[in-house]
Amino acid sequence: MARTRQALLIQGGGAGARDEWDDRLRDSLRRQLADGHEVRYPRMPDEDDTSYAPWSAAIRREMAALDGAAVVVGHSVGATILVNALAERSPEQEIRVLVLVAAPSVGAGGWPGDEFELPHGLGARPSQGVPVHVSHGLQDELHRVAC
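Small disclaimer: the values here were computed from a predicted structure and weren't measured.

1. Description of the packing of helix 2 (residues 52-64) against helix 3 (residues 77-88)
Thinking step 1. For the pair helix 2 and helix 3, the least separation of the axes is 9 Å and the interaxial angle reads 70°. As the angle between them shows, helix 2 and helix 3 are arranged roughly perpendicular. Judged by residue contacts, Tyr52, Trp55, Ser56, Ile59, Arg60 and Met63 of helix 2 engage Gly78, Ile81, Leu82, Asn84, Ala85, Leu86 and Glu88 from helix 3.
Thinking step 2. Here the contact of helix 2 with helix 3 is built from residues that sort into eight nonpolar, three polar and two charged.

2. So, the nonpolar core
Thinking step 1. Formed by 21 residues in total, the largest nonpolar core has its most connected members in Ile59, Met63, Val72, Leu82 and Leu98.
Thinking step 2. For this core, the elements supplying multiple residues, two or more each, are strand 1 (5-10), helix 2, strand 3 (70-75), helix 3 and strand 4 (95-101).
Thinking step 3. Take this core: its biggest share by element is seven residues, from helix 3.
Thinking step 4. Leave out the neighbours within four places in its chain, and Val72 touches Leu8, Met63, Leu82, Ile95, Val97, Leu98 and Val99.

3. Digging into the pattern of salt bridges
Thinking step 1. Summed over the entire model, instances satisfying the criterion amount to six salt bridges.
Thinking step 2. With its nearest N and O atoms 3.7 Å apart, the salt bridge here joins Arg26 to Asp23. In this pair, Arg26 and Asp23 are both assigned in helix 1 (residues 17-33), three residues apart and thus about one turn of the helix distant.

4. Concerning the confidence of the model for the protein
Thinking step 1. Residues of the protein with pLDDT of at least 70 account for 81%, and the chain-wide mean is 82.
Thinking step 2. Contacts from residues 143-147, a stretch scored under 50 in pLDDT, to residues over four places away or in other chains number ten contacts.

Rules and cut-offs
Residues numbered from 1 in each chain as written. Predicted model: local features only at pLDDT ≥ 70, side-chain atom pairs only at ≥ 80, totals over all residues. Heavy atoms only, no water. Axes fitted to C-alpha atoms, helices over the stretch in contact; angles between N-to-C directions. Helix = DSSP H or I, 4+ residues; strand = E, 2+ residues; numbered from the N terminus. Parallel < 35°, antiparallel > 145°, perpendicular 65-115°, else oblique. Contact = heavy atoms within 4.5 Å. Nonpolar A, V, L, I, M, F, W, Y, C, P; charged D, E, K, R; others polar. Core = buried A, V, L, I, M, F, W, Y, C linked by side-chain atoms within 4.5 Å. Buried < 20%, exposed > 50% of the residue type's maximum accessible area, 1.4 Å probe, protein only. Salt bridge = Lys/Arg side-chain N within 4 Å of Asp/Glu carboxyl O. pLDDT = per-residue confidence, 0-100.

Here's what the structure looks like:
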């Protein structure tokens, strides 16, 4: 019997984000990965207040609970916090693929919050050789990308 692979989806922030928006992303991820994958979809602490400390701690706990290498997906500000948490400390479990969906720029002209601006030299972290897929729409009014 084949072992079930895992995927971890980190939700976006804001009132109702998990139940009104990210549920659709979870359902799509389940369809795309199909059989043989379990999609873990934890509720992040206080989705209205995307403070780095509690969210990064929750992400680290979820990463540590994974059973082997996993697909890890972050949406919106959850993706930004995920990248920062991974850059700050390598995960205990291997990441097969990292997928970032609509991750906003943080700081001047972007998502407010200087507590989790992307660190310098991020390209050399978190893990060498992990494929990273970035999905972002050019017409996204809420999460503009600084180009």
